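# Architecture and fold: a report
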Amino acid sequence: MYYSKNLFIAFTLLLSSITQISFSQNSNNKGQGGQGQSYRGEGMGSTGSISGTIVDNKTSQGVEYANIVIHRTSDSVMIGGTITNPKGSFVIDKLPFGNYYLVISFIGYANLKLPNITLTPKDPQKKMGEIKFSPSSSSLEGVVITGERQMMEYSLDKKVVNVDKNLVSAGGTAVDVMQNIPAVTVDIDGNVSLRGSTNVNILIDGRPSSLTGMSRQAILEQIPASSIDVIEIITNPSAKYNPEGMSGIINIKLKKKTAQGLNGMASVSAGTSNRYNTSINLNYSTEKFNVFGSYDGRWNQGKGYGNTTRIATLMDTSTYTYQHSDMERNMHDNSVKAGFDWYINPKNTLTISGQYSKDGSTRTQNLYSQTDDFIHIPRDNYKQINVENEDDNTKLISLNYKKTFAQRNREFTADFSYTSAKSSEITDMSLNNYQTEYINLYNAIPSIHKQYDIGDNWVANALINYVHPFTEKMKIETGYQGIFRNVNDNFHLDALDSITSIYSEDLTTRNHFAYKENINAVYGTLSREWEKYSIQAGLRLEYANTIAQQLTQGTSFENNYMSLYPSLHISRKLPNKNEIQFSYSRRVNRPSMHDVNPFKDYSNPLMVRYGNPYLKPEYINSFEVGHSKYWTKTSFYTSVYYRQINDVIKRISYLGNDGKSYMTNQNLSKGISYGVDFILEQEIVKWWRFNASFSYFRTIIEGNSIDGNISTDNYSWTSKLNSTMTLHKNLSIQISGNYRAPIITPQGKMYATYSADIAVKKDFFKDKFSVSLRVSDIFNTQKWENEAFGTGFSAYMYNKRQSQVAYLTLSYKINGGLKPKARKKTTENGNGGGDEGDF
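Per chain, the residues get numbers from 1 upward, laid out in the order the sequence is written. The predicted nature of this model means local features are confined to residues of pLDDT at least 70 and side-chain atom pairs, given and counted, to a pLDDT of 80 or more, with totals for whole chains, interfaces and linings taken over all residues. Hydrogens are left out, water is left out, and the side-chain values use all remaining heavy atoms of the structure.

Our focus in this paragraph is the sheet that holds strand β5 (residues 98-105). Here a strand pair is declared whenever DSSP counts at least two bridges between the two strands. A run of H or I in DSSP counts as a helix once it spans at least four residues, and a run of E counts as a strand once it spans at least two, with each numbered from the N terminus. With antiparallel pairing, the 4 strands of this open sheet are ordered in space as β3-β2-β5-β6. Of all the strands in the sheet, the pair left with one neighbour each is β3 (78-83) and β6 (112-119). Each adjacent strand pair in this sheet contributes to an overall mean axis angle of 20°, direction not counted. Examined bridge by bridge, strand β2 (residues 67-72) and β5 share 6 bridges and lie antiparallel to one another. Looking at β5, one finds that H71 is bridged to Y101. Helix axes are fitted to C-alpha atoms over the stretch in contact, other axes to C-alpha atoms as well, and angles between N-to-C directions run from 0 to 180 degrees.

Written out as structure tokens, the structure reads:
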């Protein structure tokens, strides 16, 4: 441990030194910002300047955020650069005298080169006047520029879903959007899987979700689809990012930032089965400030039912158990967010924002159970009614600072967020025992209990990042990330005395659990580009400390570990719009607080659940090779991946001596997973476009568990198809379908699932007002079936939720709506601005 701590300190000091040196190297290059972010050239006697205004050749309007790069004519070395302001103007000052040429680029426009620009003592200020900039239909790397974003954009390192083009999620939430993303599946409990693995890291605006202690489904259901700009799927991230998540990262980027003035969007949605949503997003921007605010509300009702059949054999005697449950849930979510950006000067921006969410639900479940002996004579029958009332209150505050420098692409950012969440879940339970066909047993008084689950949690995130370009093609990026979680969950059960009608606590059920997790990490990446090759190598050093306290039992479990996470990305441009990339990263799956809580949950009399405090992290070595090919109207993306997994964490079921089933988690020895993704984007005719995806994966797991050897070898595949037809200038129809093949689990099988959605959208009043009609699961085929088996038992489970719903959504754009700033990309010939970053 002493050596590890010294290694951590040494690595931290090294990165700090690099950062300090990088800052000091340019301490004299402070430059005076002009109308855009200007760069001061290097050298003695820098007295010249170049200025001008970039305007659209057709509309004569200024082009904001156009990239201006200045090169020395003699050797084509980049001297500096800037971006245009909202009026299209720019100034590059403090330039050495000499001869230069300018390259102007921006997404959707043809690159423009202006040669023979000479600065001399007699003519030190070169005023270019208005520069006409012509739109282009040429393609970016994998993205066809048509002036309008496609629903899906693909590159070798990530896939981007433009949510406003995904009509079949209109009126829905992030859960609905996820169901239409290639290689992503969502099950009945809201568990998100990427390439067959639920071990995926979900981020919101590039940061870990602040809603600690809440289920992933609850987090995604609180995000309306109308508030999402894009969703990024990154399957092999670099060392810069948190290594949590075996299958990669899903980053949900919310809408914010737009042109000056007041603008925004309001929408309201109504669906069958009492489902209503509303949202309003407003933004007011000036030269110095950008103020934004939003409100999202959702009132939904959901119904479902399930059946379970179990055969248990204990001491050569079999019993048969049949369960049926029906459920109804009424929920309401309300969220308010407000904040502002302060443009202190052209190079410094401060953002402060806050959010308050109040959510609640009432869930009623009726559970019927009958157990027969080996000759099918009923011996135990009961009916249990559960009424669960949940209330959650979440407060979030975030602080973000960004500093740019005179040197192009050099920047420093610091982000901090703090969230506190209080939750209350109170369940009234009534248990009645019956004879055959639910005839009351001797008029027995039902057993009545009240269950309490109170949570008080907080999480803090800190991220500091510095990017320093040594040349136009080479840069280093260093930073620190800290994630600090504190969860306090207090569970107990009160029983009603049938005589006194007084509740008293059942001390055997008390479960007071506290969990703390502190993760400190430093990282560094080095990137270098050549004409056809590019490479990025990174290393992340992380120290994790977790403390799990079972306060009821008076036990405590602590786990401290330090890990290195290297990453490597290499890409090669090939002729005829081909590109290939190889990537490697080491990743981790840490046990969650629920995985390590040893308390046994008896809320289901036939299935007892408990955690394993001795679980170790699961480490993954992930390799991937991707290839992309583009034609005029077609793009094709292929990816092959391989993962080697150590200390696999799996959920294990076994039959106890008391005849009950028990479920816990355990580390198995090892596993491998590999597969392939195919994505095809095709424009059939000008008004009809579709994209299709196919993902095949195979997983092999080896190990011994409580229930014996459960080594498995399974394969499965998923396929999705999305067809968009623009029947008229303002009328679109979209049809999507998805299929997930059966999946073999360590102790059973999940049956296939499939469904189809349809949506129609019509725009009015020059696209200011739109009406959408969507029907989910048109044929009502969405269901979840699985079977499980082990020593002494086998079970079959069937679940169906209310998935066939029709939604009507009305949307109105205020002064053009929320138009996110364009994401700058590199064009084929290497000119143009760099990407703003993965997140």
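Each residue's exposure class comes from its accessible area (1.4 Å probe, protein chains only) as a fraction of the maximum for that residue type: buried when under 20%, exposed when over 50%, partly exposed otherwise. Taken across its 7 residues, strand β14 (residues 228-234) has 7 buried, putting it largely inside the fold. Two strands pair when backbone bridges link them, and β14 and strand β15 (residues 249-254) are joined in this way by 6 bridges, in the antiparallel orientation. When the bridges of β15 are listed, I228 appears paired with L254.

The rule is short: rings of Phe, Tyr and Trp, with Trp giving its six-membered ring, pair when the centres are within 6.5 Å, and they are stacked under 30 degrees, edge-to-face over 60, tilted in between. Per the stated rule, a full pass over the model turns up 18 aromatic pairs. Counting every residue linked through ring pairs, the aromatic cluster contains F636, F678, F694, W717, Y739 and Y754. Any Lys NZ or Arg CZ that is within 6 Å of a ring centre and within 35 degrees of that ring's normal is treated as a charge sitting over the ring. Its guanidinium or amino end placed over the ring of F405, K403 lies 5.1 Å from that ring's centre, counting from NZ or CZ. Seen from the ring of F764, K762 lies directly overhead, with NZ or CZ sitting 5.6 Å from the centre.

Another point: the confidence of the model for the protein chain. Predictor confidence is given residue by residue as pLDDT, running from a minimum of 0 to a maximum of 100. On average, residues of the protein chain carry a pLDDT of 80, and 81% of them reach 70 or more. The secondary-structure element of the protein chain with the lowest mean pLDDT is helix α1 (residues 2-25), recorded at 45, while strand β26 (residues 533-550) shows the highest, at 93. The low-confidence segment residues 1-45, where pLDDT is below 50, has 87 contacts with residues more than four positions distant or belonging to other chains. For the stretch residues 137-148, pLDDT sits under 50, and the model shows 24 contacts to residues farther than four places along the chain or on other chains. Contacts between residues were defined by any pair of non-hydrogen atoms, one from each residue, lying within 4.5 Å.

Another aspect to go through is a nonpolar patch on the surface. Exposure above 30% relative accessible area and the lack of any salt bridge qualify a residue for a patch; like charges then connect within 9 Å, and the nonpolar side chains Val, Leu, Ile, Met, Phe, Trp and Tyr within 5 Å. Surface exposure here means Shrake-Rupley accessible area, sampled with a 1.4 Å probe, where a residue is shielded only by the protein chains that are shown. Salt bridge, as used here: a side-chain nitrogen of Lys or Arg that lies within 4 Å of a carboxyl oxygen of Asp or Glu. There is a patch of nonpolar side chains on the surface, built from L262, I280, L282, Y284, F289, V291 and W342 and spanning about 590 Å² of accessible area. Elements that contribute at least two residues to the nonpolar patch include exactly β17 (275-285) and β18 (289-314). Among the elements that line the nonpolar patch, the one with the most residues is β17, at 3 residues.

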